[in-house]
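The lines below spell out each chain.
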Amino acid sequence: MVSAEKGNVAGPVLPPPATLGVIGGGQLGRMFVQAAQRMGYRTVVLSPTDDAPGAQAAHATVVAPPDHLPGIRAFVEQADAVTVEFENVSAPALRWAARRRPVRPGWRTVWVSQNRLREKGFLARHGFPLAPWRPVRTRDELTAAAQALGTPFILKTAASGYDGKGQVRVDDARNAEEAWSALGRVACVAEGWVTFASEVSVVAARGADGSAVTYPVGLNRHERHILDSTVMPAPVGPAVSQEAQTLALNVAQALGTVGVLTVEFFLTAEGALLVNELAPRPHNSGHLTIEAAVTSQYEQQVRALCGLPLGSTGLVSPAAMVNLLGDVWARGEPDWKAALGNDPGVKLHLYGKQTPKPGRKMGHLTVLDPDPETALARALAARRALTAR
Ligand code: AMP
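Residues numbered from 1 in each chain as written. Predicted model: local features only at pLDDT ≥ 70, side-chain atom pairs only at ≥ 80, totals over all residues. Heavy atoms only, no water.

K.L.:
Help me out: how do you make sense of the overall build of the protein in this one?
P.N.:
Of the regular secondary structure elements, the protein holds 13 helices and 17 strands. Summarising its shape, the C-alpha atoms of the protein cover approximately 60 × 55 × 40 Å along the three principal directions. Burial status across the protein gives 56% buried among its 389 residues. Here the analysis covers contacts within the protein between residues at least 6 apart in sequence; of these, 62% occur between residues at least 24 apart. (Helix = DSSP H or I, 4+ residues; strand = E, 2+ residues; numbered from the N terminus. Buried < 20%, exposed > 50% of the residue type's maximum accessible area, 1.4 Å probe, protein only. Contact = heavy atoms within 4.5 Å.)

K.L.:
What's the story with the side chain of Thr-214 in this structure? I'm lost.
P.N.:
Structurally, Thr-214 is set in strand 10 (residues 212-214). A polar atom in the side chain of Thr-214 sits 2.7 Å from the side chain of Gln-245. (Polar contact = N/O pair within 3.5 Å; in protein donor to acceptor, adjacent residues only side chain to side chain.)

K.L.:
What is the right way to read the packing of helix 3 (residues 69-78) against helix 4 (residues 91-98) from this model?
P.N.:
Any two packed helices are characterised by how steeply their axes cross, that is the angle between the axes, and by the distance between the axes. Contact pair helix 3 / helix 4: the axes reach a minimum separation of 11 Å and the direction vectors enclose 35 degrees. Note on packing geometry: the crossing formed by helix 3 with helix 4 is right-handed. Of the residues in helix 4, those in contact with Ile-72, Arg-73 and Val-76 of helix 3 are Ala-93, Trp-96 and Ala-97. (Axes fitted to C-alpha atoms, helices over the stretch in contact; angles between N-to-C directions. Left-handed = near helix turned anticlockwise from the far one by under 90°.)

K.L.:
In this structure, what is going on with a nonpolar patch on the surface? I would like to understand it.
P.N.:
On the surface, Leu-340, Leu-348 and Leu-350 cluster together into a nonpolar patch covering about 200 Å² of accessible area. In this fold, Leu-348 is placed in strand 16 (residues 347-350). Its relative accessible area of 32% is what places Leu-348 among the partly exposed residues. (Patch = residues over 30% accessible without salt bridge, like charges linked within 9 Å, V, L, I, M, F, W, Y side chains within 5 Å. Areas by Shrake-Rupley, 256 points an atom, 1.4 Å probe, with all protein chains shown as cover. Salt bridge = Lys/Arg side-chain N within 4 Å of Asp/Glu carboxyl O.)

K.L.:
Where do I start with unusual backbone geometry in this structure?
P.N.:
The bulk of non-glycine residues show a negative phi, and the bulk of peptide bonds are trans. The residue after Arg-104, namely Pro-105, is reached through a cis peptide bond having omega 5 degrees. Within the fold, Pro-105 resides in the loop between helix 4 and helix 5 (107-113). Geometrically, the link from Met-232 to Pro-233 is a cis peptide bond, its omega value of 0 degrees lying close to zero. Counting through the fold element by element, Pro-233 comes out in the loop between strand 12 (226-232) and helix 9 (237-255). The backbone of Arg-185 sits at a positive phi, close to 55 degrees, despite the residue not being glycine. Residue placement: Arg-185 occurs in the loop between helix 8 (176-182) and strand 8 (188-192). Residue classification places Arg-185 among the partly exposed residues on the basis of a relative accessible area of 37%.

Here it is as structure tokens:
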């Protein structure tokens, strides 16, 4: 655990049973709601459907899209403080809400991190290490980017990309135009291809008083651009681990964010860390903190939102998490009995989604083990058992 600053919590504390509002109805909102309820808070969710994972768990739901003003107004009326579970929330709507209620993270943090051009610009201005990148908003910028970056490079839409959506790898500069067209010729970031040794992330939390903490570094493996597994602590050695945590704290401080902030990194073979992207919220790579840490990332989000002191990020045990995508249901109901019965240490989380689709995050498994790689092997074995019949 790294602490940036210590001190008394600034501003009034919002005590239970106040009502905490979360914008977004997904699994991150659901786990926030569950943490808030354990601490005695009431919860309200702004969700496009009343059966979304977060809506199923909350005390109340306002059914509306996140940029629907009457919906936001009704939601804010029911909430004593507001947070978000995803970054594609209208910044003007958050500003409107912030005039009425504490909103954490603030609109500026959300606005920066919901657009790759703004995010890269912000990180570059503050001197954070990045892969080489160029803005692509015009044909001339595309040509200039291809020249500057060489091939391969990767084109990513500036807005609304996640889990590898809105990304195209360009292997030959002559195909750059075609790749950009495939993305709809919208504003993009072009990024030099990074031959990384691994991908790691740090979940940080920052309070209203500027106090900040980080969890140990997580080692992330992706399949088809979607997170597949996380191991914590990452076996990256103390120097890289310290640097990643310091960078995450510095990003949180530079943004002045209050709440949870996740920083994803590429780690090169030479041991250099490059910031890949930011998430102004709990993160898939931090799910395992529910069982593995003294304070989960969701409880930290509650604490930061309510002006309570942040909790210890110490690990109870090293751990691993594997995602359960809709693919696991491809041949019918997964064999839960086998997966849980073979290893009683396996913890199952399902998000209550009705329809499994390939690539859709339906749930995850967490395993604690003194050896993090053994934790991963056990989690993977449990996942295989789900479909072994
Ligand atoms: P992102 O949505 O930017 O996190 O990208 C999703 C995944 O694509 C990353 O986790 C990497 O596995 C891969 N990726 C993204 N950008 C690059 C890059 N510049 N070089 C190599 N791989 C990348």
